[in-house]
Amino acid sequence: MVFRGGEGALQVLPPLVDVIPEARLNLVIFYLKQDDIREAYNLIKDLEPSVPSEYNLKGVVNAAMGQETGSVRIGIDLCRGIASARLERSRLRQGQGDRGHEKVRDF
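Since the model is a prediction, treat every value here as computed from it, not as a measurement. (Residues numbered from 1 in each chain as written. Predicted model: local features only at pLDDT ≥ 70, side-chain atom pairs only at ≥ 80, totals over all residues. Heavy atoms only, no water.)

Enquirer: Just to check I follow, could you spell out the overall build of the protein for this structure?
Expert: A count of helical and extended segments in the protein gives 5 helices and 0 strands. Ordered by position from the N terminus, the helices and strands of the protein form the series α-α-α-α-α. Residues classed as buried in the protein amount to 31% of the 107 residues present. Counted over contacts in the protein with a minimum sequence separation of 6, partners at least 24 positions apart contribute 30%. By element, 50% of the accessible surface of the protein is carried by carbon and sulfur atoms, the whole surface being about 7600 Å². (Helix = DSSP H or I, 4+ residues; strand = E, 2+ residues; numbered from the N terminus. Buried < 20%, exposed > 50% of the residue type's maximum accessible area, 1.4 Å probe, protein only. Contact = heavy atoms within 4.5 Å. Areas by Shrake-Rupley, 256 points an atom, 1.4 Å probe, with all protein chains shown as cover.)

Written out as structure tokens, the structure reads:
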């Protein structure tokens, strides 16, 4: 986070949440550092992760929320999703994608 100790995070990040994707993630991290799990969860619950860092953060938030509510299943499932995404990407790079798709080439 670009703020020292989170100073100014609540003034700067909320207006940027729907404009800059990283603002949402940084605000989630801010709330986690403040032990405000519910606010972090509310910000990330509707996010559809597309990169490993989003899967990781959503998994951490869901696991933390699960600890508060007594159910960590969603966090565990999201963390498994990271492994599956990495495996699929690796298979595609090696030319072993589903249904014999061509090998992905790096240009």
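Enquirer: In this structure, what is going on with the pattern of salt bridges? I would like to understand it.
Expert: Applying the stated criterion across every chain, the model contains 2 salt bridges. Arg-24 is paired through a salt bridge with Asp-18; the nearest N and O atoms lie 3.0 Å apart. With a relative accessible area of 70%, Asp-18 lands in the exposed category. Residue Glu-68 is joined to Arg-38 by a salt bridge in which the shortest nitrogen-to-oxygen separation is 3.9 Å. Here Glu-68 is found in helix H4 (residues 52–69), whereas its partner Arg-38 is found in helix H3 (residues 37–44), with 30 residues between them in sequence. A residue is classified by how much of its surface remains accessible, and Arg-38, at 46% relative accessible area, is partly exposed. (Salt bridge = Lys/Arg side-chain N within 4 Å of Asp/Glu carboxyl O.)

Enquirer: Looking at this structure, how should I read the nonpolar core?
Expert: If you look at soluble globular proteins, the nonpolar side chains tend to sit buried side by side. Judged by nonpolar contacts, the single largest core of 19 residues is most densely connected at Leu-27, Val-28, Leu-32, Leu-57 and Val-61. Sorting the residues of this core by element identifies helix H2 (21–33), H3 and H4 as the ones contributing at least two each. The element contributing the most residues to this core is H2, with 7 residues. Discounting residues that sit within four places of it in the chain, Val-28 has contacts with Ala-40, Leu-43, Ile-44, Leu-57 and Val-61. (Core = buried A, V, L, I, M, F, W, Y, C linked by side-chain atoms within 4.5 Å.)

Enquirer: Would you mind going over the side chain of Arg-24 with me for this structure?
Expert: Among the secondary structure elements, Arg-24 is positioned in helix H2. Here the side chain of Arg-24 touches Asp-18 through a polar contact of 3.0 Å, side chain to side chain. Residues within four places of Arg-24 in sequence aside, it is in contact with Val-17, Asp-18 and Leu-43. (Polar contact = N/O pair within 3.5 Å; in protein donor to acceptor, adjacent residues only side chain to side chain.)

So, to be careful, I would describe these as geometric facts and stop short of saying anything about function.
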